[in-house]
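One-letter residues, chain by chain:
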Amino acid sequence: MTTTSSAPHVTEIGRGRLRKEDQRLITGRTRWTDNIVLTGMLHVAVVRSPLAHATISGIDTGPATEVPGVVAVYTATDLGADRISLPNAWSVTPDQKAPVAHPLAPTTVNFAGDAVAVVVARSAAIAKDAVEKVEVDYTPLDPVLDMEAALAEGTALVHPDLGTNQSALWRFDSGEAGIGGDVDEAFATADADPDQVVVRRRFRQQRLIPAFMEPRSVVVDPEPEQLTVWSSTQVPHILKTMTAMTLGIPEHRLRVIAPDVGGGFGGKLQVTPEEILLVMIAQKLGKPVKWTETRSESLLSGHHGRDQVQNLTVSARTDGTITGLQVDLLADMGAYLRILTSGVPILGGFMFPGIYKIPAYRFSCRNVFTTKTPTDAVRGAGRPEAAFGIERLMDELAVELGMEPMKLRRKNWIAHDEFPYTMASSLTYDTGNYEAATDRAQELFDYDGLRREQTERQRRGDTVQLGIGISTYTEMCGLAPSRILGALNYGAGGWEHSSIRMLPTGKVEVVTGVSPHGQGHVTSWCQVAADHLGVGFDDVEIIHGDTQSAPRGLDTYGSRSLSVGGIAVVKAAEKVIAKARPIAAHMLEADVDDIEFAHGTFSVRGTDTGVTIQDIALAVFTAHDLPEGIEPSIDAEATFDPENFSFPHGTHLCAVEVDTETGWVHLRHYVAVDDVGTVVNPTLVEGQVQGGLAHGIAQALFEEAAYDESGTLLSGTFVDYTLPTAADLPNFTTDRTTTPATTNPLGVKGVGEAGTIASPPAVVNAVLDAVRQYGVTDIDMPTTPYRVWRAITDARAGGRGTADRSDEADVASPGAGLGSTARDMPPGHT
């Protein structure tokens, strides 16, 4: 079969298509884990500790077992959960202290929400009711809630057998590594030189909760031939491997399925106690079981994120040139080390220098145990913390030098003609153009005009003052290079896998090892495959999320999907084309070296005669006339392991109006200009940027997981853990510049976490810029009306001009955002 013409090729990469998967999602034809119903299925509910730290004196399950419909009640000993420990895949130092983390606590609970028993019943309602009948006797122990106090001599120990509350100390020094200058020398020189300054600041990253839309849910079917787990997870492949290793199940007899997953934000990048418990219960009873958490359970016991104390020191000449940077972190692990807990703050260690040419750099991080919910990855995972630290510090340095903050940034950033550039943190940035992104952002923002308005408001002494915040950020995406992860002692690689099956009817099946939970993978993978194979967008089907149909992969997190998983699709497509080329030459009766491929058609160089790749798919299916020695298949698979991360960047500018009498913060204008490399689908990119902005702004203004002095979570519902609505956010102004990555053939970078990384420092810098004239020097996130008002009031009274958790003893509880409840307003205001 030969063709002499074809329909005009439509380029898919760069086309703003609507999401292919949305029709099914928005018409209710979804399959969430909680929708799954199996014959004879039982339901599980979890008994959780109300105390942050206590020994278990006894558990009486008798009253619960008498509830009609209850099948079983298990403690750790009953189930054998006292003989296993949940996995931690990242031992960041050789001497890291890692406690045993049983899925059910056998003798001691270490955070409010720690699981102590499970109830199995014939319905979810019966199981939840019976939980109230389980009687647990606790002997309270002293809670450990403050990281600095946790390291002090004589403090109660979360895990006495470890002998300390410090899990690990991780250090990096550019001088010792031989890739940068000596930080001590830089600081000593600055201290002795009147033409240099040293600025020291302490910042706080509050504790956050991922707050995904769909609660976690697990279903397990213990068929003898193959045990199947359905879970609302970001990581079906990792969950399969870790479950097999933890419980000793032969991996080839284990199948994990991530069906439709309603958001994750890092909160479902986990091997949870409940997933392991459900497998153990199903095996013990020989029946399928289901567990679905309540929203309060999710906020209480699902892992949290962030929670750092950042002590930063920078030295600089009076002309603004930075000479040294030191970062000392305290990172709250919570009660246990979950799968990536210990490594998350270390990731940030590589990014504190940001986009700046800092010649000497030192980083240290102490990982600390407390009696709070364990922490782990939340959207950005270490990189938002780093961007916040350096971007806040740049504003503080600008104030110290009396220098315009954007001018200071331009003075120190890497120029576009200096790439590739090796940082003192050891990373090599391949490309970037910070000038272009910033110039465009300032143009869209009317930066100079807003500065003039700010000056005029200050001159008039207006009650409502204007603040302008800057964030010129970068991040490392595509958590992938296996050799780098190995050097960091991470427990897995970073490669990704894809396979392509060419069907005889001309359709294409793409199997991918990454799985979506809202990002639009199906649409963008169809675009990538369609462009490279020259087939129609609707001719491509994506298969994902099932370790039986997509057996190889390392899943979705760290903005790695496109820059690693998408490139595996490209590599597999290249192999399909390579396998089809000799068959095309045979069909066209030409030498293989004369065969060209473009837009889905193989042709003989210099002629207009050719065969499509879909023609070849049918020819290999029939296999009637193939070249000698050629197998009847052009299917192919590929594994891609990049040589480096990718480094998206951008400039975000924020204008806020602050009512100095009430502390109310109004987001007036927000401009985000991002460079995410080659854009496959601008519609999806826009959605990711806007979603990331909402998430990051929520950290700056709204969200905080707050505890009382006994270790009880105060923000255990969405009444107290405040999320923004559309009414709380402005219409964002967004744009892009493009410098393609050089680390992959598509030139793509990453976008899923960009807005979350860039926006918190932009917003907080803007709030402080509005009130710094009164002597305010810092306000802890979230910058609620109460905290802003308190900082202004304190500064005007000659106080320290800061607002943090210690100022909130006289209000009901800290946390919520822009005045959604009366407690967030200053006294006398409602």
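As shown above, the structure is provided for reference.
What you see is a predicted model; the values in this text were computed from it and never measured.

Trainee: Account for the overall build of the protein chain, with residues named and values stated.
Mentor: Within the protein chain one finds 22 helices and 30 strands. For the protein chain, whose C-alpha radius of gyration is 28 Å, the value lies close to the compact-globule estimate of 28 Å for 830 residues. Expressed as a percentage of its 830 residues, the buried residues of the protein chain come to 62%. Considering only intrachain contacts with a sequence separation of at least 6, the fraction spanning at least 24 residues in the protein chain is 79%. On the protein chain, the mean spot of the 68 positive side-chain charges and the mean spot of the 106 negative ones are 2 Å from each other.

Trainee: Describe the environment of Val279, and please don't skip the residues or the numbers.
Mentor: As for its position among the elements, Val279 is in helix α9 (residues 273–285). Each C-alpha atom of the pair Val279 and Thr228 lies 9.0 Å from the other, and the pair is 51 residues apart in sequence. Non-local contacts of Val279, meaning those with residues more than four positions away in its chain, are made with Val220, Leu227, Val229, Thr243, Leu247 and Ile249.

Trainee: How would you summarise the sheet that holds strand β28 (residues 733–736) if you had to cite specific residues and measurements?
Mentor: In spatial order, the strands read β18-β26-β27-β28; together these four strands make up an open sheet with mixed pairing. Looking along the sheet, the strands with just one partner apiece sit at the ends: β18 (464–474) and β28. On average, adjacent strands in this sheet sit at an angle of 10° to one another, irrespective of strand direction. Packing of helix α20 (residues 682–701) onto the sheet brings it into contact with β26 (649–659), β27 (665–675) and β28, and relative to β27 it is tilted by some 140°.

Trainee: Just give me the short version of the side chain of Arg379, but keep the residues and values in it.
Mentor: Along the chain, Arg379 falls in the loop between β15 (361–369) and α12 (383–401). Within the buried set, Arg379 has no salt-bridge partner at all; the shortest N-O distance to an opposite charge, 6.4 Å, is to Glu753. Setting aside residues no more than four positions away along its own chain, Arg379 makes contact with Phe265, Arg306, Pro384, Gln688, Gly691, Gly692, His695, Gly752, Glu753 and Thr756.

Trainee: Quick one: what's the story with the sheet that holds β15, residue by residue and with numbers?
Mentor: By definition, the strands of a sheet pair up through backbone hydrogen bonds, in either a parallel or an antiparallel sense. Spatial ordering of the open sheet is given by β7-β15-β14-β13-β8, a layout of five strands whose pairing is mixed. Edge positions in the sheet fall to β7 (166–173) and β8 (196–208), since each has one partner strand and no second. Averaged over all pairs of adjacent strands, the angle between their axes in this sheet comes to 10°, without regard to strand direction. With nine bridges joining them, strand β13 (residues 305–317) and strand β14 (residues 322–334) adopt antiparallel strand pairing. Following the sheet pairing, Ser315 is matched in β14 by Gly324.

Trainee: Report on helix α17 (residues 521–533), specifying residues and quantitative values.
Mentor: The terminal C-alpha atoms of α17, which comprises 13 residues, lie 18 Å apart, in line with the 18 Å expected from a rise of 1.5 Å per residue. Burial in α17 covers these residues: His521, Val522, Thr523, Ser524, Trp525, Cys526, Gln527, Val528, Ala529, Ala530, Asp531 and Leu533. Within two residues after α17, Gly534 carries a phi angle of roughly 70°, on the positive side.

Trainee: Break down the packing of α20 against helix α21 (residues 754–771) for me, citing the residues and quoting the values.
Mentor: Close contact between α20 and α21 brings their axes to 7 Å; oriented N to C, the two are set at 40°. As far as their axial angle goes, α21 and α20 are oblique. Our pair here, α20 against α21, has a crossing hand that is right-handed. On the side of α20, the interface is formed by Val689, Gly692, Leu693, His695, Gly696, Ile697, Gln699, Ala700 and Leu701, while α21 contributes Gly755, Thr756, Ser759, Pro760, Val763 and Val764.

Trainee: Account for the packing of aromatic side chains, with residues named and values stated.
Mentor: Throughout the structure, instances matching the rule amount to 15 aromatic pairs. Between the aromatic rings of Phe419 and Tyr434, the centroid separation amounts to 5.6 Å while the plane-to-plane angle is 80°, which identifies the pairing as edge-to-face. Here the residue Phe419 occupies a position in the loop between α13 (405–412) and β16 (421–422), and Tyr434 occupies one in helix α14 (residues 434–445), the gap between them amounting to 15 residues. Here the two residues Phe419 and Tyr434 agree in accessibility, since each one is buried. Relative to Phe732, the ring of Tyr670 lies with its centre 5.9 Å away and its plane at 80°, an arrangement referred to as edge-to-face. With Tyr670 in strand β27 and Phe732 in the loop between α20 and β28, the pair connects residues that are 62 residues apart, well separated along the chain. The same class applies to Tyr670 as to Phe732, namely buried. What links up through ring pairs into an aromatic cluster is the set Trp170, Phe350, Phe352 and Phe363. Note that Arg17 overlies the ring of Phe537, its terminal NZ or CZ placed 3.8 Å from the centroid. Across the ring face of Trp495, the terminal group of Arg552 is positioned such that the distance to the ring centre comes to 4.8 Å.

Trainee: Outline the pairing of strand β5 (residues 115–121), listing residues and values.
Mentor: Most of β5 is tucked away, with seven of its seven residues classed as buried. Relative to β5, strand β1 (residues 42–48) runs antiparallel, the two sharing six bridges. Across the sheet, residue Val47 finds its bridge partner in β5, namely Ala117. Looking at chain direction, strand β3 (residues 70–75) and β5 are connected through five bridges and run antiparallel.

Trainee: Describe the pattern of salt bridges, with residues and values.
Mentor: Considering all chains together, one arrives at 51 salt bridges under this definition. Among the ionic pairs, Glu396 bridges to Arg772, the shortest N-O distance being 2.8 Å. Taken as a pair, Glu396 in helix α12 and Arg772 in the loop between α21 and β29 (778–779) lie far apart in primary sequence, 376 residues in all. Close ionic contact of Asp594 with Arg605 constitutes a salt bridge, the shortest N to O distance being 3.3 Å. In this pair, Asp594 is assigned in the loop between α18 (561–588) and β22 (595–598) and Arg605 in the loop between β23 (601–604) and β24 (610–612), connecting sequence segments eleven residues apart. The exposure class of Asp594 is partly exposed, given its relative accessible area of 32%. When salt bridges that share partners are traced, they join Arg48, Arg216, Glu274, Glu293 and Glu297 into one network.

Trainee: Kindly report on the pairing of β22, identifying the contributing residues and their values.
Mentor: By the alternation rule, side chains of β22 split into Ile595 and Phe597, which are all buried, and Glu596 and Ala598, of which none is buried. With four bridges joining them, β22 and β23 adopt antiparallel strand pairing. The residue of β23 that forms the bridge with Ala598 is Thr601. Count of turn residues in the β22/β23 antiparallel hairpin: two residues, of which His599 carries a positive phi of about 55°.

Trainee: Lay out the packing of α12 against α21 in plain terms, naming residues and giving numbers.
Mentor: Here α12 crosses α21 at 30°, and the two axes come no closer than 8 Å. For the element pair α12 / α21, the angle class is roughly parallel. In this structure, α12 crosses over α21, and the sense of that crossing is right-handed. Along the contact surface, α12 presents Arg383, Pro384, Ala387, Phe388, Glu391, Arg392 and Asp395, while α21 presents Thr756, Ile757, Pro760, Pro761, Val764, Asn765 and Leu768.

Trainee: Break down a negative patch on the surface for me, with residues and values.
Mentor: A contiguous patch of negative charge on the surface is contributed by Asp60, Glu66, Glu135 and Asp137. Along the polypeptide, Glu66 turns up in the loop between α2 (62–65) and β3. The class of Glu66 is exposed, set by a relative accessible area of 64%.

Trainee: Account for unusual backbone geometry, naming residues and giving values.
Mentor: Omega for the bond connecting Phe419 with Pro420 falls within 30 degrees of zero, at -5°, which places this linkage in the cis form. Even without a glycine there, the phi angle at Asp555 is positive, about 80°. On the secondary structure map, Asp555 appears in the loop between β21 (540–543) and α18. Phi angles above zero are rare outside glycine, and Ser559 is one such case at about 50°. By the element assignment, Ser559 lies in the loop between β21 and α18.

What counts and what doesn't
Residues numbered from 1 in each chain as written. Predicted model: local features only at pLDDT ≥ 70, side-chain atom pairs only at ≥ 80, totals over all residues. Heavy atoms only, no water. Helix = DSSP H or I, 4+ residues; strand = E, 2+ residues; numbered from the N terminus. Rg over C-alpha atoms; globule rule 2.2 N^0.38 Å. Buried < 20%, exposed > 50% of the residue type's maximum accessible area, 1.4 Å probe, protein only. Contact = heavy atoms within 4.5 Å. Lys, Arg positive; Asp, Glu negative; His and termini not counted. Charge placed at Lys NZ, Arg CZ, Asp CG, Glu CD. Pairing = 2+ DSSP bridges. Axes fitted to C-alpha atoms, helices over the stretch in contact; angles between N-to-C directions. Salt bridge = Lys/Arg side-chain N within 4 Å of Asp/Glu carboxyl O. Expected span 1.5 Å × (residues − 1). Parallel < 35°, antiparallel > 145°, perpendicular 65-115°, else oblique. Left-handed = near helix turned anticlockwise from the far one by under 90°. Phe/Tyr/Trp six-rings, centres within 6.5 Å; stacked < 30°, edge-to-face > 60°. Lys NZ or Arg CZ within 6 Å of the ring centre and 35° of its normal. Patch = residues over 30% accessible without salt bridge, like charges linked within 9 Å, V, L, I, M, F, W, Y side chains within 5 Å. Areas by Shrake-Rupley, 256 points an atom, 1.4 Å probe, with all protein chains shown as cover.

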